[in-house]
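Listed below are the residues making up each chain.
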There are 2 protein chains.
Amino acid sequence: MKVLNKETDYAVRALISLGLKPEGWVSAKAISDEQGIPYQFLRRILQELIRQGLVLSKEGAGGGVRLGKNPVEIGVAEVIEIFQGKVQVSECMFRKQLCSNRANCVLRHEIMRIEQMVNQEFSKVTIGKLIADLKAVEAMKG
Amino acid sequence: MKVLNKETDYAVRALISLGLKPEGWVSAKAISDEQGIPYQFLRRILQELIRQGLVLSKEGAGGGVRLGKNPVEIGVAEVIEIFQGKVQVSECMFRKQLCSNRANCVLRHEIMRIEQMVNQEFSKVTIGKLIADLKAVEAMKG
DNA sequence: ATTAACTGATACTAACTTAGTATCAGAATT
DNA sequence: AATTCTGATACTAAGTTAGTATCAGTTAAT
Ligand code: FES
Ligand code: FES
């Protein structure tokens, strides 16, 4: 059961990469090279992130992209939602045969509790936090 | 982001259905009719559950399937693993460029923590628990 | 003014996955 | 012998995923 697809994966990595270079515009080409992400694929991903306001862009030579929000305010949950839609366990697991009152359905609540928990946890993992962790690891190594 | 696919969904529902009829063998046809699950699809799912030991089977007329384990010992996590493989967030999210020491990788740990939590929660949701909840709802309605 | 380095938008493709169907063989009951 | 069941396995259509390609427009440098 794969949770994150390539779009989300690459998006998070691109955002981290941008978070590490807060000043100036960074080209898609540069990120692609640095992270080993297929160029055209990354371009499409960045375009979506731009549409969603997570990153800003500047056209033309010397242009590129940069973060549009504070890294600590970008949760992985948000990125997942953009590229994979809201976390949903199952549209409705037990149908009318077993369960007629959807509204008060205990089973449904059980499942949705997990759903919410996952979302909450992925929200707490922000780009800012990942960068901090990353720097901590670097410091330890050195 | 869909967490459960149809195989898992149908499998859980079939297991609940079997848990509600502990005595005797139940045919795939009967479950299919009761739950509105496509017959041939359900057959294939049951065959897998049998191979995995979650249900027992008896061939021939008057045969069918029945639970092979105590319902409270069948967690949804186990069913997910059978039909969708182990929950895994991402093979490796940040590659060598960002993160050379996989073993001690903080980022990886962060993600795997969530992974483990999801698994744990889905383990706690057993077929037995779902049946109990279901009966509680029924009682309230009546 | 031209060229080069960029993004914006969008169309396309191959490979894989999912959901569902079909078939034939064999076992137990009647 | 007929019927009702599982065991094994092959097949298909539709959808998704990952990746590619193209053309148009913008900015900067020369
Ligand atoms: S109504 Fe869907 S699980 Fe109860
Ligand atoms: S080594 Fe894969 S995330 Fe660090």
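For the structure, check the block above.
Looking only at helices and strands, chain A has 7 helices and 2 strands in total. Tracing chain A from N to C terminus, the helices and strands come up as α-α-α-β-β-α-α-α-α. Looking at the 142 residues of chain A, the share that counts as buried comes to 46%. The long-range fraction of contacts in chain A, counting pairs at least 24 apart against all pairs at least 6 apart in sequence, stands at 64%. Roughly 7,100 Å² of accessible area belongs to chain A as shown, and the carbon and sulfur atoms make up 52% of that amount.

What follows covers the protein's contact with DNA strand D. Around DNA strand D there are 27 residues in total, and Arg44 and Lys58 of chain A together with Arg43, Ser57 and Ala61 of chain B lie nearest to it. In DNA strand D, atoms within 4 Å of the protein come 56% from sugar and phosphate. Arg43 of chain B places a polar side-chain atom, nitrogen or oxygen, 2.7 Å from a base nitrogen of DNA strand D. Taking Gly60 of chain B, its main chain carries an N or O atom lying 3.4 Å from a base oxygen of DNA strand D. For the surface near DNA strand D, the secondary-structure elements that each account for two or more residues are α1 (6-19) and α3 (39-51) of chain A together with α3 (39-51) and β1 (55-58) of chain B. Of the residues forming the surface near DNA strand D, the biggest block, 6 residues, is contributed by α3 of chain B. Taken together, the residues of the surface near DNA strand D sort by class into 9 nonpolar, 8 polar and 10 charged.

Let us now look at the packing of α1 of chain A against α3 of chain A. All names here are of chain A. As a packed pair, α1 and α3 sit with axes 10 Å apart at the nearest point and diverge in direction by 75°. Considering the angle they form, α1 stands roughly perpendicular to α3. Two secondary-structure elements touch here, α1 through Lys6, Glu7, Tyr10, Ala11, Ala14 and Leu15 and α3 through Phe41, Leu42, Arg44, Ile45, Leu46 and Leu49. Among the residues making up the contact of α1 with α3, the classes are represented as 9 nonpolar, no polar and 3 charged.

Around DNA strand C sit 26 residues in total, of which Arg43 and Ser57 of chain A together with Arg44, Lys58 and Glu59 of chain B are the nearest. Considering the 4 Å shell around the protein, atoms of DNA strand C inside it are sugar or phosphate in 53% of instances. Contacts to DNA strand C include Tyr10 of chain B, whose side-chain N or O atom sits 3.3 Å from a phosphate oxygen. At a separation of 3.0 Å, a sugar or linking oxygen of DNA strand C approaches a polar side-chain atom of Glu59 of chain B. Considering each element in turn, the surface near DNA strand C owes the most residues, 6 residues, to α3 of chain A.

With that out of the way, let us pick up the packing of aromatic side chains. All names here are of chain A. In this structure the tally under the stated criterion is 2 aromatic pairs over all chains. Ring geometry for Tyr10 against Phe41: centres 5.6 Å apart, planes inclined by 85°, an arrangement best described as edge-to-face. Placement of the pair is Tyr10 in helix α1 and Phe41 in helix α3, with a sequence separation of 31 residues. By relative accessible area, which is 25% here, Phe41 ends up partly exposed. The ring of Trp25 has Arg66 lying over it, and the distance from NZ or CZ to the ring centre is 5.1 Å.

The next subject is α1 of chain A. Residue and element names in this part refer to chain A. With 14 residues, α1 ought to run about 20 Å at 1.5 Å a step, and its terminal C-alpha atoms sit 20 Å apart, in line with that. A large share of α1 lies buried, amounting to 12 of its 14 residues. Where α1 is concerned, the buried positions are Thr8, Asp9, Tyr10, Ala11, Val12, Arg13, Ala14, Leu15, Ile16, Ser17, Leu18 and Gly19. Regarding α1, its N-cap is Asn5, as a side-chain oxygen of that residue lies 3.2 Å from the backbone nitrogen of Glu7 further along.

Formed by 74 residues in total, the largest nonpolar core has its most connected members in Leu49 of chain A together with Leu49 of chain B. Contacts of Leu49 of chain A, omitting those with residues within four sequence positions, involve Ala11, Leu15, Leu54, Val55, Ile82 and Phe83 of chain A.

What follows deals with the pattern of salt bridges. According to the stated counting rule, one finds 20 salt bridges over all chains in the structure shown. Close ionic contact of Lys69 of chain B with Glu78 of chain B constitutes a salt bridge, the shortest N to O distance being 3.2 Å. Three or more residues are tied together by salt bridges with common partners; here these are Arg113 of chain A together with Glu121 and Lys124 of chain B.

Structurally, Glu110 of chain A can be placed in helix α6 (residues 106-124). Judged by its relative accessible area of 10%, Glu110 of chain A is buried.

Rules used throughout
Residues numbered from 1 in each chain as written. Chains lettered and ligands numbered in written order. Predicted model: local features only at pLDDT ≥ 70, side-chain atom pairs only at ≥ 80, totals over all residues. Heavy atoms only, no water. Helix = DSSP H or I, 4+ residues; strand = E, 2+ residues; numbered from the N terminus. Buried < 20%, exposed > 50% of the residue type's maximum accessible area, 1.4 Å probe, protein only. Contact = heavy atoms within 4.5 Å. Areas by Shrake-Rupley, 256 points an atom, 1.4 Å probe, with all protein chains shown as cover. Near = heavy atom within 4 Å. Polar contact = N/O pair within 3.5 Å; in protein donor to acceptor, adjacent residues only side chain to side chain. Nonpolar A, V, L, I, M, F, W, Y, C, P; charged D, E, K, R; others polar. Axes fitted to C-alpha atoms, helices over the stretch in contact; angles between N-to-C directions. Parallel < 35°, antiparallel > 145°, perpendicular 65-115°, else oblique. Phe/Tyr/Trp six-rings, centres within 6.5 Å; stacked < 30°, edge-to-face > 60°. Lys NZ or Arg CZ within 6 Å of the ring centre and 35° of its normal. Expected span 1.5 Å × (residues − 1). Core = buried A, V, L, I, M, F, W, Y, C linked by side-chain atoms within 4.5 Å. Salt bridge = Lys/Arg side-chain N within 4 Å of Asp/Glu carboxyl O.

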